[in-house]
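Structural description and commentary
Each chain, letter by letter, is given below.
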Amino acid sequence: MPTLLFVNACVRGKDSRTLVLAEQLLERIREANSKDLAFQIEEIRLSTESLLPLNYERLERREELLVHGQFHDTMFDYANAVAQADMLVIAAPYWNMSFPSMLKIFFEAASVEGITFAYADDGIPIGLCQAQDMYYVTTSGGVIGDCNFGFEYVNALCRLYGIQNTHFVSAQGLDMEGADVQAIMEAACGGEIVNL
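These figures come from a predicted structure and were not determined experimentally. (Residues numbered from 1 in each chain as written. Predicted model: local features only at pLDDT ≥ 70, side-chain atom pairs only at ≥ 80, totals over all residues. Heavy atoms only, no water.)

Glancing now at the sheet that holds strand E6 (residues 133-139). With respect to topology, 5 strands assemble into an open sheet ordered E2-E1-E3-E6-E7, the strand pairing being parallel. Only two strands of the sheet have a single neighbouring strand rather than two, namely strand E2 (40-45) and strand E7 (165-171). When the angles between neighbouring strand axes are averaged without regard to direction, this sheet yields 15°. Bridging between strand E3 (residues 87-91) and E6 involves 4 bridges; their strand directions are parallel. Paired with alanine 91 across the two strands is valine 137, which belongs to E6. Relative to E6, helix H5 (residues 149-161) is tilted by about 170°, and along the sheet it contacts E3, E6 and E7. (Pairing = 2+ DSSP bridges. Helix = DSSP H or I, 4+ residues; strand = E, 2+ residues; numbered from the N terminus. Axes fitted to C-alpha atoms, helices over the stretch in contact; angles between N-to-C directions. Contact = heavy atoms within 4.5 Å.)

So this is what it looks like as structure tokens:
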């Protein structure tokens, strides 16, 4: 059964507007696929995970595992989840011009040579992930403009992983005076949905 991996980096939990927008998108994906395909949604809620950044000891352990081909060690759970997913949905509020730090730690753990990407003999990276599409969902109180560093970072990683199509879903200006929050949120989720 195909899997949609939902990476939830919404710090405020149920009070998160980004989570509300992501749930609207997930519902639209369910509806778009309801007639043709049964699929499961696997959620990784980063606020409840024991995320640890790579330090010297963890890097040493990671390298030892990779040298011995132990790609199924729990240290690589995030990388394996990303590599095996058929679609990715990443929900992250616009936070200090990018996203909350826990998402960076997640991608640090998910970016593993031999699982999510590899290098050809000429040094060119080869993506190993099976997903073709990633949706990046965010909300912001103001206007993101040309400081869209969160999406740009994730978009670059998707290219490394071999994920060809990236979609930016954003509701911006939610805290601006006179903003019609409901209308902005509805419009943000109104684009075309691709099938799994």
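Counted under the stated rule, the structure contains 8 aromatic pairs. Ring centres of tyrosine 78 and phenylalanine 106 lie 5.0 Å apart, and the angle between their planes is 50°; this geometry places the pair in the tilted category. A residue pair is termed long-range when its members are at least 10 positions apart, and tyrosine 78 in helix H3 (residues 77-84) and phenylalanine 106 in helix H4 (residues 101-110) qualify at 28 residues. Taken individually, tyrosine 78 and phenylalanine 106 each receive the classification buried, so the pair is uniform in this respect. Centroid distance phenylalanine 106 to phenylalanine 107: 5.4 Å. Interplanar angle 70°. Geometry classified as edge-to-face. (Phe/Tyr/Trp six-rings, centres within 6.5 Å; stacked < 30°, edge-to-face > 60°. Buried < 20%, exposed > 50% of the residue type's maximum accessible area, 1.4 Å probe, protein only.)

With that settled, the discussion passes to the pattern of salt bridges. Taken as a whole, this structure holds 4 salt bridges when the rule is applied. Here arginine 17 and aspartate 175 are joined by a salt bridge, their closest N and O atoms 2.9 Å apart. Of this pair, arginine 17 sits in helix H1 (residues 17-33) while aspartate 175 sits in the loop between E7 and helix H6 (181-188), and the two are 158 residues apart along the sequence. Judged by its relative accessible area of 31%, arginine 17 is partly exposed. For arginine 61, the salt bridge goes to aspartate 73, with nearest N and O atoms at 3.0 Å. One end of the pair, arginine 61, is in helix H2 (residues 56-67); the other, aspartate 73, is in the loop between H2 and H3, with 12 residues separating them in the sequence. Assessed through its relative accessible area of 38%, arginine 61 is described here as partly exposed. For aspartate 73, a relative accessible area of 19% corresponds to the buried category. (Salt bridge = Lys/Arg side-chain N within 4 Å of Asp/Glu carboxyl O.)

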